[in-house]
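The chain contents come next:
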Amino acid sequence: MRSLLVHIGSHKAGSTAIQDSLLANRGSDAGFRFLFHPRFRTHSVLAALFKPYETLDHTIRLQLPDPAAVQRVRRNFWTRIPALFPDADNAVLSSEYLSAIDAEAVRRFRAEVEAMGYGRFRILMYVREASARFASGVQQALKFRNELARMDPRTLHFDFRGQIETWESVFPGDVEVRAFDRAQLTGACVVADAYGRIADFFGVPARPATVIDSNRSMSAETLFCLYNIYRHLDTEGFSPSRVRMQAQLHARIENLVRAALPEPTRITLRPALVRLVHARHQADFGWLAERYGVRFPEPAGLAVDDGQTLSLSNPPNLAELVVPPDPRVLIRLLGKIAADGLFARR
């Protein structure tokens with residue numbers, strides 16, 4: 001019986017590092033094959049297969065800007081797999097976007113892979129503590145343009161419980177949930193941990209020769225520089241080509257920050273925000289501990305009392321969510337960005 005391990009995320013829990021490492025090691029994998037699209041990022045293709053085009057993340061629509069091309073990918077992806085990977089009796093698929101598809105789409109996914117001969121499954125999902133995921137989400141919301149409005153903690157809810165229950169309803173007993181927490185990961189590394197789960201499922205040695213360190217956290221200085229650039233622009237109106245031009249801006253600014261400062265500031269959420277995010281997800285984490293034995297230590301900011309209540313605009317601004325760095329440093333950095341033409345030169 002052919003076996004398939006499906007890594008479904010969740011978002012902001014090391015998925016890019018896992019996917020980049022699987023792709024980098026695709027020629028040296030022993031005992032299993034990573035199924036990937038030869039042209040597009042596979043996690044984007046899998047999202048396009050099972051989500052309506054208009055709901056796809058803007059970064060996916062940049063890769064697949066033509067809805068007609070998406071239809072061709074939907075028709076051809078599964079039929080090309082046997083030709084590309086004829087020996088994939090033990091196979092791995094990975095897309096963090098799969099975690100959020102609905103039950104009907106999960107049933108279609110199962111039917112598609114069963115038609116390819118797969119009958120033994122493991123669904124692997126990493127879950128991150130809520131305030132840590134929120135901090136990572138704020139970075140993502142400002143990485144390419146200003147999408148901070150979607151990070152309103154009064155309404156935002158990370159529905160990992162609903163996602164797990166959806167996959168369990170279609171793959172009963174096949175879902176494994178892991179804590180995205182350095183202290184609980186094999187080798188304190190999500191890539192090493194994922195390869196450990198692959199080895200356990202397939203019963204073969206699996207160890208990456210190359211580990212790709214993807215999506216490293218940015219500094220608070222970089223975050224606030226991006227915010228102060230993007231909040232004066234109509235980033236919602238950016239064309240796909242303009243968004244592509246911004247793709248490396250955060251890395252350029254981070255390099256400038258690290259060259260200018262001996263110790264860039266870590267991103268720290270307001271303590272009152274940590275308490276709010278923790279409270280909104282507490283019941284779900286209690287369920288996760290009871291159902292899967294996955295537990296997290298309390299976030300560091302939970303016990304901090306700075307005497308401030310959470311006062312939010314509509315939508316919130318960045319300084320209401322994240323403790324700002326030294327404003328004098330920020331002014332110097334923004335001046336340097338303008339002088340060096342980091343924003344304009346493409």
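Just above, that's the structure.
Residues take numbers from 1 onward in each chain, read along the sequence in its written order. Note on the predicted model: pLDDT of at least 70 is required for a residue's local features to be given, and 80 or more for side-chain atom pairs to be given and counted; whole-chain, interface and lining totals, by contrast, use all residues. Computation of side-chain values covers all heavy atoms of the structure but excludes hydrogens and water.

Student: Just to check I follow, could you spell out the sheet that holds strand 2 (residues 33-34) for this structure?
Tutor: By way of backbone hydrogen bonds, the strands of a sheet pair with one another, either parallel or antiparallel. A pair of strands is treated as paired once DSSP finds two or more bridges between them. The numbering of helices and of strands both runs from the N terminus, where a helix is a DSSP run of H or I of at least 4 residues and a strand a run of E of at least 2. The sheet built from 5 strands is open, its strands ordered 2-3-1-4-5 with parallel pairing. Edge positions in the sheet fall to strand 2 and strand 5 (175-179), since each has one partner strand and no second. For strand 1 (residues 2-7) and strand 3 (residues 90-94), the ladder comprises 5 bridges, and the chain directions are parallel. Bridge assignment links L5 to a residue of strand 3, and that residue is V92. Every residue pair with non-hydrogen atoms within 4.5 Å of one another is taken to be in contact. In this description, a line fitted to the C-alpha atoms serves as the axis of each element, helices being fitted only across the stretch in contact, and the angle between N-to-C directions of two axes falls anywhere from 0 to 180 degrees. Running over the sheet, helix 5 (residues 103-115) touches strand 1, strand 3 and strand 4 (118-127) and is turned about 135° from strand 4. Against the sheet, helix 8 (residues 190-202) makes contact with strand 1, strand 3, strand 4 and strand 5, and its axis sits at roughly 155° relative to strand 4, the strand it touches most.

Student: Help me out: how do you make sense of the packing of helix 2 (residues 42-50) against helix 4 (residues 67-84) in this one?
Tutor: Between two packed helices, both the angle of their axes relative to each other and the distance between the axes serve to describe the pair. Running from N to C, helix 2 and helix 4 cross one another at 105°; their axes reach a closest spacing of 9 Å. For the element pair helix 2 / helix 4, the angle class is roughly perpendicular. Between helix 2 and helix 4, the residues in contact are T42, V45, L46, A48, L49 and F50 and V70, V73, R74, F77 and W78, respectively. Amino acid classes used here: Ala, Val, Leu, Ile, Met, Phe, Trp, Tyr, Cys and Pro are nonpolar; Asp, Glu, Lys and Arg are charged; the rest, including Gly, are polar. Looking at side-chain class alone, the contact of helix 2 with helix 4 contains 9 nonpolar, 1 polar and 1 charged residues. With respect to orientation, any angle under 35 degrees is reported as roughly parallel, any angle over 145 as roughly antiparallel, any angle of 65 to 115 as roughly perpendicular, and every other angle as oblique.

Student: Hey, could you run me through the environment of L310 in this one?
Tutor: By the element assignment, L310 lies in the loop between helix 12 (271-292) and helix 13 (318-321). Residues L310 and H7, spaced 303 residues apart in sequence, show a C-alpha to C-alpha distance of 36 Å. Every residue in contact with L310, bar those within four places of it in the chain, is listed here: A272, L273, L276 and E320.

Student: Looking at this model, I keep getting lost on helix 4. Mind explaining?
Tutor: For an α-helix, 3.6 residues make a turn, and residues three or four places apart therefore share a direction. By this rule, a helix spans an expected 1.5 Å times one less than how many residues it contains. In this model helix 4 runs 24 Å from its N-terminal to its C-terminal C-alpha over 18 residues, within 8% of the 26 Å that 1.5 Å per residue would give. Axes are fitted to the seven residues ending at a residue and to the seven starting at it; the angle between these axes is taken as the bend at that residue. At F77, helix 4 is deflected by roughly 45°, the largest bend along its length. Tucked into the core, helix 4 has its buried residues touching helix 2, strand 3 and helix 5. Its side-chain oxygen placed 3.0 Å from the backbone nitrogen of A68, D66 serves as the N-cap of helix 4. We define a polar contact as two N or O atoms separated by no more than 3.5 Å, with the added condition that, inside protein, one atom must be a possible hydrogen donor and the other a possible acceptor, whereas residues neighbouring each other in sequence contribute only through side-chain atom pairs.

So, to be careful, I would describe these as geometric facts and stop short of saying anything about function.
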